[in-house]
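For reference, the chains in residue letters:
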Protein chains: 2
Amino acid sequence: MKSDLDSLMQARNLDALLVTGPGDHNPYMTYLIGNQAFLTRADVIKKAGEEPVLFHTGMERDEAAKTGLPTRNIEAYRLDELIRQAGGDPLKAQVLRYQAMFQDLGIRSGRVGIYGLLDAGVSYAFFTAFQQTLPEITLVGEVGDSVFLSAMATKDIAEVEHIRTIGKITTEVVGLTADFLSSQREKDGLLVKSDGAPLTIAEVKRRINLWLTERGAENPEGTIFAIGRDAAVPHSVGNPQDFLRLGQTIVFDIFPCEAGGGYFYDMTRTWCLGYAPDEAIKIYEDVLVVYNQICSELRPGAISRLYQERACELFKQRGHPTQKDDFQTQEGFNHGLGHGVGLQIHQRPFFSLFSDDSQRLDTGVVVTVEPGLYYPDRRVATRIEDTLWLRPDGVFEVLAPYPYDLVLPIRGS
Amino acid sequence: MKSDLDSLMQARNLDALLVTGPGDHNPYMTYLIGNQAFLTRADVIKKAGEEPVLFHTGMERDEAAKTGLPTRNIEAYRLDELIRQAGGDPLKAQVLRYQAMFQDLGIRSGRVGIYGLLDAGVSYAFFTAFQQTLPEITLVGEVGDSVFLSAMATKDIAEVEHIRTIGKITTEVVGLTADFLSSQREKDGLLVKSDGAPLTIAEVKRRINLWLTERGAENPEGTIFAIGRDAAVPHSVGNPQDFLRLGQTIVFDIFPCEAGGGYFYDMTRTWCLGYAPDEAIKIYEDVLVVYNQICSELRPGAISRLYQERACELFKQRGHPTQKDDFQTQEGFNHGLGHGVGLQIHQRPFFSLFSDDSQRLDTGVVVTVEPGLYYPDRRVATRIEDTLWLRPDGVFEVLAPYPYDLVLPIRGS
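Residues numbered from 1 in each chain as written. Chains lettered and ligands numbered in written order. Predicted model: local features only at pLDDT ≥ 70, side-chain atom pairs only at ≥ 80, totals over all residues. Heavy atoms only, no water.

Colleague: In this structure, what is going on with the overall build of chain A? I would like to understand it.
Modeller: Within chain A, the secondary structure is distributed over 11 helices and 22 strands. For chain A, the spread of C-alpha atoms along the three principal axes comes to 75 × 50 × 40 Å. Taking all 413 residues of chain A together, the buried fraction comes to 60%. Accessible surface, chain A as shown: approximately 15100 Å² in total, 50% of it carbon and sulfur. A distance of 1 Å separates the average location of the 41 positive side-chain charges in chain A from that of its 56 negative side-chain charges. (Helix = DSSP H or I, 4+ residues; strand = E, 2+ residues; numbered from the N terminus. Buried < 20%, exposed > 50% of the residue type's maximum accessible area, 1.4 Å probe, protein only. Areas by Shrake-Rupley, 256 points an atom, 1.4 Å probe, with all protein chains shown as cover. Lys, Arg positive; Asp, Glu negative; His and termini not counted. Charge placed at Lys NZ, Arg CZ, Asp CG, Glu CD.)

As structure tokens, then:
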């Protein structure tokens, strides 16, 4: 949780954190400054035990003030003078600017963790130059279980309410989508609109985006709404020109966030329009059984990897290929069982055969559970996914419940 | 232009480019693979003189195929075996995976430029480890005028058509916003809806987002719709709860992109509802005169910085403070005159007092021209902005023209 940041810094022997990059759609930045201010570019420096300080441009001073954090105008560090001091080298001038910023916060040495979305080459060149120019500061690039990823893996109540709110919007939009599909007619095995023309996936997605936008959500990662063979390739988003054929499985995976780059929600339902063939029902039921079984076995403190193993075992018992026997299988259960959800759509803890033992279901985690089965050659697939919060009382709660029905009834079919 | 990538690589003595990170909202990635595929995470390697090769996860194989590029499934490089080879070190295992990917393309040594949006600390740690483990490859982090920024600064015809299309959507939405405001009524100096309640900025922005979404655009960077004092702070986005008072300047700066993270358009209009006070008219006219004067002076091949100097000179002649006399001024003309627009909302060439001479108006640039004046204490401001393309015939063309009127007529006022 955010309140753990200082103890996590101490455990890693970090004296300060630097978060840089854009002011939005930059999760660690948003974690420290919130989602209310519009900042093209910002730097946040947090000293151990102190509140973060936000460095902003002059013309974004009012936006910076919205964060409620102490702020500094970076134009106080005059770039023209710094370039002179650096003998005309703009990269070194930027290093000197950071040196001055750190010094103004009383940081002249120690270990500083660096974070934030930037171009990879710029980061590599800039921080290499920084380290060579200022050897008294030790830059730390954390990989894996960083201060931020560790803190963000568990959510406080305020964060859970954000996720619950976007979850409620998500289920409303899933409901509107179901109602919209059910209100169309069948003709020659396809869903057709009132003008008799077949409905396309592009038209469904356009409505989904509108309903999300109306409710203050955005959809930066897109939506998976895929039918037939496409649905049976887990991350195929669906072909916009495809028609909606009755009796084929549709995988509808929706993962919007609060507008401006806030908290995400993630859920998947699998639908058959009008009716479901026996094969679809069988696969659907196997996934639902595994979903329910896994949910019933979730325990506070457990290692997430073990549920990935368990899901493989359960699917294997039902006769399906899994990652455990062939990691590259394109049939059966062939992806992670779940992942943390927060300011990033995918974050710790991950449910993967490769996750290490530090990825656990600690109190406050918000995770997806999303078993699935995929048979591209048979054009049939199912995935069922909800986002669950491990509450302080030890209960795993689905934050935005929605019915699991496979068949959406269609008029005239 | 994209067709210059190989000659730009040669000029920098680069044997290959590596672009890594998410598959969308990652401009250099989109530049190479387009905006049609949904890829959570990808690597693209381009050897000098060859087509880029896309490395993807197994479950995103169909999405990867949509790019039309040669593709490789990264799961062919088995992470469990690589971790064993790396003695259990996951960072080193990732380095070995990249080594294998490079080797499969025949790259065992040489200079490799690295690019793409990643966490700064991960980039620093990973590429430092990469460089130590594989010294026969020299990693190059380009800062400033990189291969990509240089290529992207000028657009080919296909790119211009993308920008023109999103520009047309932008002007449609600006027109709808004007019509919507004009169709409201005045009461006690405020714009009120049919129910008599004052309209808020939040309600206007919600409509703007809906109109954009309906047209296949997204708005990842938000919209500036600010009135009164807020309008006079260049990057204040406006207070959602603010009412719309007649006779105050509204700065409306809108910069959407194609859904999924494509090309941007950028424009600004300044409006007064119902009427404009003399002070607003004076400032507005000064900005319009400077806008027209600068546009008339734009010349192919010219250094962009000189127009920033020129705009300062023109505003000073009209009695306004400028950056040139006091870089930190909060009054008068206090920001860049313009910037390139493409897959990034701000890219080269920049019009700034600090831009170096390599930032020029080469044939194919798409740039904003956006002079402005700001007087926060007097609660009055104007910015006028269009996006212009320098055509092969030497003409600077506004890609999506829209009228410049200051006053929006309101019923009953």
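Having seen the model, we can carry on.
Colleague: Just checking my understanding: could you explain the relation of the copies chain A and chain B for this structure?
Modeller: One copy of the chain maps onto the second through a rotation about an axis and a displacement along it. The transform that puts chain A on chain B rotates by 180 degrees and translates by 0.0 Å along the axis, for an RMSD of 0.0 Å. Here the symmetry operator amounts to a two-fold rotation axis. For chain A, the minimum C-alpha distance to the rotation axis belongs to Tyr124 of chain A and amounts to 2.4 Å. Most of the interface of chain A is mirrored in chain B: 100% of its interface residues are interface residues there too. (Least-squares fit on C-alpha atoms with pLDDT ≥ 70 in both. Contact = heavy atoms within 4.5 Å.)

Colleague: Whenever I open this one, the sheet that holds strand 5 (residues 110–115) of chain A confuses me. Can you help?
Modeller: Sheets are built from strands that pair by backbone hydrogen bonding, the pairs being arranged parallel or antiparallel. Residues and elements named next belong to chain A. Spatial ordering of the open sheet is given by 4-3-2-1-5-7, a layout of six strands whose pairing is mixed. Each edge of the sheet is formed by a strand with only one pairing partner; in this case those strands are strand 4 (71–73) and strand 7 (137–140). Averaged over all neighbouring strand pairs, the angle between strand axes comes to 25 degrees, with direction disregarded. Direction of pairing for strand 2 (residues 42–47) relative to strand 3 (residues 53–56): antiparallel, over a ladder of three bridges. Considered in strand 3, the bridge of Asp43 is made with Phe55. (Pairing = 2+ DSSP bridges. Axes fitted to C-alpha atoms, helices over the stretch in contact; angles between N-to-C directions.)

Colleague: I tried to follow unusual backbone geometry on my own but got confused; where do I start?
Modeller: In this model, Arg348 of chain A is joined to Pro349 of chain A through a cis peptide bond whose omega is -5 degrees. Relative to the helices and strands, Pro349 of chain A is located in strand 16 (residues 347–351). The backbone phi angle of Asp188 of chain A is positive, close to 50 degrees, even though this residue is not glycine. Of note, Asp188 of chain A is situated in the loop between strand 8 (185–187) and strand 9 (190–192). Look at Arg379 of chain B: it is not a glycine, yet its phi comes out positive at around 55 degrees. When you line up the elements, Arg379 of chain B lands in the loop between strand 18 (372–375) and strand 19 (380–383). Residue classification places Arg379 of chain B among the partly exposed positions, given a relative accessible area of 44%.

Colleague: Explanation requested: the sheet that holds strand 4 (residues 71–73) of chain B in the structure shown.
Modeller: Residues and elements named next belong to chain B. In space, the six strands of this open sheet follow the order 4-3-2-1-5-7, with mixed pairing throughout. Pairing within the sheet leaves two strands with one partner each, and these edge strands are strand 4 and strand 7 (137–140). Each neighbouring strand pair of the sheet contributes to a mean axis angle of 25 degrees, computed without reference to strand direction. Here helix 5 (residues 90–104) sits on the sheet and contacts strand 1 (16–21), strand 2 (42–47), strand 3 (53–56), strand 4, strand 5 (110–115) and strand 7; the angle it forms with strand 2, its principal contact strand, is near 40 degrees.

Colleague: Please explain the interface of chain A and chain B as it appears in this structure.
Modeller: By convention, interface size is frequently given as the accessible area that disappears when the constituent parts associate. Tallying the contact residues gives 60 residues for chain A and 60 residues for chain B. Buried surface at the junction of chain A and chain B, both sides included, amounts to about 5300 Å², of which 61% is carbon and sulfur. Sorting the residues of chain A by area buried against chain B places Met59, Tyr124 and His235 of chain A first, and these three jointly supply 14% of that buried surface. One can count two salt bridges joining chain A with chain B. The shortest N-O distance in the salt bridge between Arg229 of chain A and Asp62 of chain B comes to 2.7 Å. Where chain A touches chain B, the interface holds 22 residue pairs in polar contact (both at pLDDT 80 or more). Those elements giving two or more residues to the side of chain A that touches chain B turn out to be helix 3 (61–65), helix 4 (79–85), strand 5, strand 6 (117–119), helix 6 (120–133) and helix 9 (201–214) of chain A. (Buried area = accessible area lost by both parts, 1.4 Å probe. Salt bridge = Lys/Arg side-chain N within 4 Å of Asp/Glu carboxyl O. Polar contact = N/O pair within 3.5 Å; in protein donor to acceptor, adjacent residues only side chain to side chain.)

Colleague: What is the right way to look at the pairing of strand 20 (residues 386–390) of chain B in this model?
Modeller: Consecutive side chains of a regular strand alternate in pointing toward one face of the sheet and then the other. Residue and element names in this part refer to chain B. Counted residue by residue, strand 20 has five buried out of five residues, so it is predominantly covered. Residue alternation in strand 20 divides its side chains into two sets, Asp386, Leu388 and Leu390 and Thr387 and Trp389, and both sets are buried. With four bridges connecting them, strand 17 (residues 366–369) and strand 20 associate as antiparallel partners. Its bridge partner lying in strand 20, Val366 is registered against Trp389. The antiparallel pairing of strand 20 with strand 21 (residues 396–398) creates a hairpin that spans five residues between the two strands, and Gly394 there sits at a positive phi of about 90 degrees.

Colleague: Looking at this structure, I do not really get the side chain of Gln308 of chain B. What am I missing?
Modeller: As for its position among the elements, Gln308 of chain B is in helix 11 (residues 304–317). Leaving out residues up to four positions away in the same chain, Gln308 of chain B has contacts with Gln323, Phe333, His335, Gly336, Leu337, Phe351, Ser352 and Leu353 of chain B.

Colleague: Looking at this structure, how should I read the packing of helix 5 (residues 90–104) of chain A against helix 6 of chain A?
Modeller: Helix-helix packing is described using two parameters, namely the angle between the two axes and the distance between the axes. All names here are of chain A. At a minimum axis distance of 9 Å, the contact between helix 5 and helix 6 shows a crossing angle of 65 degrees. For the pair helix 5 and helix 6, the sense of crossing is right-handed. Contacts between helix 5 and helix 6 involve Leu91, Lys92, Gln94, Val95, Tyr98 and Phe102 from the former and Ala125, Phe126, Ala129, Phe130 and Thr133 from the latter. In the contact of helix 5 with helix 6, the residues fall into eight nonpolar, two polar and one charged. (Left-handed = near helix turned anticlockwise from the far one by under 90°. Nonpolar A, V, L, I, M, F, W, Y, C, P; charged D, E, K, R; others polar.)

Colleague: Would you mind showing me how to read the side chain of Arg383 of chain B here?
Modeller: All names here are of chain B. Mapped onto the elements, Arg383 comes out in strand 19. Note on Arg383: relative accessible area 1%, which makes it buried. At a separation of 2.8 Å, a polar atom in the side chain of Arg383 contacts the side chain of Asp253. Excluding its chain neighbours within four sequence positions, the residues that come into contact with Arg383 are Ile224, Pro234, Val251, Asp253, Thr268, Arg269, Thr270, His335, Glu370, Pro371, Gly372 and Tyr374.

Colleague: Explain the state of the cysteines here, please?
Modeller: Going through the model one piece at a time under the given rule, you end up with zero disulfides over all chains. Of the cysteine sulfurs around Cys257 of chain A, a residue in no disulfide, the closest is that of Cys257 of chain B, at 14 Å. For Cys257 of chain A, a relative accessible area of 0% corresponds to the buried category. (Disulfide = S-S within 2.5 Å.)

Colleague: Before we go on, may I ask you to explain the pairing of strand 18 (residues 372–375) of chain A in this structure?
Modeller: Residue and element names in this part refer to chain A. Burial along strand 18 is two-sided: the residues Gly372 and Tyr374 and Leu373 and Tyr375 are all buried. Here strand 18 runs beside strand 19 (residues 380–383); their pairing, made up of four bridges, is antiparallel. Along strand 19, the bridge assignment pairs Tyr374 with Ala381. Counting the residues in the hairpin turn of strand 18 and strand 19 gives four residues, including Arg379, whose phi is positive at 60 degrees.

Colleague: Even after reading the chapter, I still don't get the packing of helix 10 (residues 278–297) of chain B against helix 11 of chain B, so can you show me in this structure?
Modeller: Residue and element names in this part refer to chain B. Interaxial distance between helix 10 and helix 11 falls to 10 Å at its minimum, and their mutual angle equals 145 degrees. The crossing of helix 10 and helix 11 is right-handed. Where helix 10 approaches helix 11, its residues Asp286, Val287, Val290, Gln293, Ile294 and Glu297 are matched on the opposing element by Tyr307, Arg310, Ala311, Leu314 and Phe315. Looking at the contact of helix 10 with helix 11 residue by residue, the classes come out as seven nonpolar, one polar and three charged.

Colleague: Please clarify how the pattern of salt bridges should be interpreted in this entry.
Modeller: Oppositely charged side chains can pair when the atoms bearing their charge come close. All names here are of chain A. This structure, assessed with the given rule, holds 57 salt bridges over all chains. Taking the shortest distance from any N to any O, the salt bridge between Asp325 and Lys316 comes out at 3.4 Å. Look at Asp325 and you get partly exposed, because its relative accessible area is 49%. Here the salt bridges do not stand alone but share partners, grouping Glu161, Arg164, Arg391, Asp393 and Glu397 into one network.

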